[in-house]
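As a plain string of letters, each chain reads:
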Amino acid sequence: MEKSFPDRTQDYKVSYSLIINKSPEYIFPNLVEVPHLTDQEYKEGFFQFIGIPRPIESNLFQENGTQYRIGQFTDGLALYETIEKQVENQYVNYKIDLNKSQLRDRPTDKHILKGNNFEFVNIYYNLSPISSDQTKVTLSCDYKITSKMNFYANFWAKLVIKDFETRLLEAIKVKLEMQ
C-alpha cells in the first residue's frame, strides 16, 4: 500500500531556546567555535544510548575566504559546516556539506545523512540580550524530508533534532556559566 503513495518533499523546523547568564559578547564565540564538552557538561540520553553520536567540540577554519567549522562527534563523526551568514554577537547560520564531512560506516549515516530522504537546510543560532548578563539563545534547524510517509519520518527527525538542540545548548550553558 505504501508504494501507491508518491514521494513528497516537505520543509520542517525545530527550535530550542534557553537563557544563559552571560552577555552575547561572551556567548557568541562559544557558539561559532564550540569548546570541548565534557561528559559532566553534556548529559547523554536515550538517543546516545541507541547509537546517535553526541557533539564533542567544533573547530573554526578559513579556506579561500570561506569560514567553516568541523563539528566533532563521538564515534568519529565529523560534520563540515560552512558559515553562510554571521552577525557578530547576534546570529550565525551554518550549512552542512555532507560531501566534505566524515561519516561513520553505519547504515544510519549512509541511509539518513547520505540518502535522498533527509536534508539539513540551515542550522542557526540567534542571540537576544535580556540584560547585561543574560541572553536568550535559540538554536534552530531547518530540514527537508522526502518520503511517502513524511509524518512518520518527521516524528522521529523532530525527536532526535530537538533532543540534540536541547542537550547541546544545556551543555554550553553549564560550561559558560561555570567559567
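Anyway, here's the lowdown on the structure attached to this text. Everything numeric here is computed off the predicted structure, so don't read it as measured data.

The rules behind the values
Residues numbered from 1 in each chain as written. Predicted model: local features only at pLDDT ≥ 70, side-chain atom pairs only at ≥ 80, totals over all residues. Heavy atoms only, no water. Pairing = 2+ DSSP bridges. Helix = DSSP H or I, 4+ residues; strand = E, 2+ residues; numbered from the N terminus. Axes fitted to C-alpha atoms, helices over the stretch in contact; angles between N-to-C directions. Core = buried A, V, L, I, M, F, W, Y, C linked by side-chain atoms within 4.5 Å. Buried < 20%, exposed > 50% of the residue type's maximum accessible area, 1.4 Å probe, protein only. Contact = heavy atoms within 4.5 Å.

Focus: the pairing of strand 4 (residues 78-87)
Part 1: Relative to strand 4, strand 3 (residues 66-73) runs antiparallel, the two being bridged by 5 bridges. Across the sheet, the residue bridging to Tyr 68 is Thr 82, located in strand 4.
Part 2: Connecting strand 3 to the next strand, strand 4, in antiparallel fashion are 4 residues, including Asp 75 with a positive phi near 65°.
Part 3: Sheet analysis places strand 4 next to strand 5 (residues 91-96), joined by 6 bridges and oriented antiparallel. The residue of strand 5 that forms the bridge with Ile 83 is Tyr 94.
Part 4: With antiparallel pairing between neighbouring strands as the criterion, strand 4 and strand 5 make up a hairpin whose turn holds 3 residues, including Asn 89 at a positive phi of roughly 65°.

Observations regarding the sheet that holds strand 2 (residues 55-63)
Part 1: Taken together, the 7 strands give an open sheet; going across it, the order is 1-7-6-5-4-3-2, and neighbouring strands pair in antiparallel fashion. The open sheet terminates on both sides in strands that have one partner only, identified here as strand 1 (8-20) and strand 2. Averaged over all neighbouring strand pairs, the angle between strand axes comes to 25°, with direction disregarded.
Part 2: The pairing of strand 5 with strand 6 (residues 118-131) spans 4 bridges and is classified as antiparallel. Counterpart to Asn 93 in the pairing with strand 6 is Tyr 124.

Observations regarding the nonpolar core
Part 1: Residues Tyr 125, Val 137, Tyr 143 and Ile 172 are the most contacted members of the largest nonpolar core, which totals 37 residues.
Part 2: Contributing elements (two or more residues each) for this core: strand 1, helix 1 (24-32), strand 4, strand 5, strand 6, strand 7 (134-147) and helix 4 (150-178).
Part 3: Element by element, the count of residues in this core is highest for helix 4, at 7 residues.
Part 4: Not counting chain neighbours up to four residues away, the residues in contact with Val 137 comprise Tyr 16, Ser 17, Leu 18, Ile 20, Ile 27, Leu 31, Tyr 125, Asn 126, Leu 127 and Leu 169.

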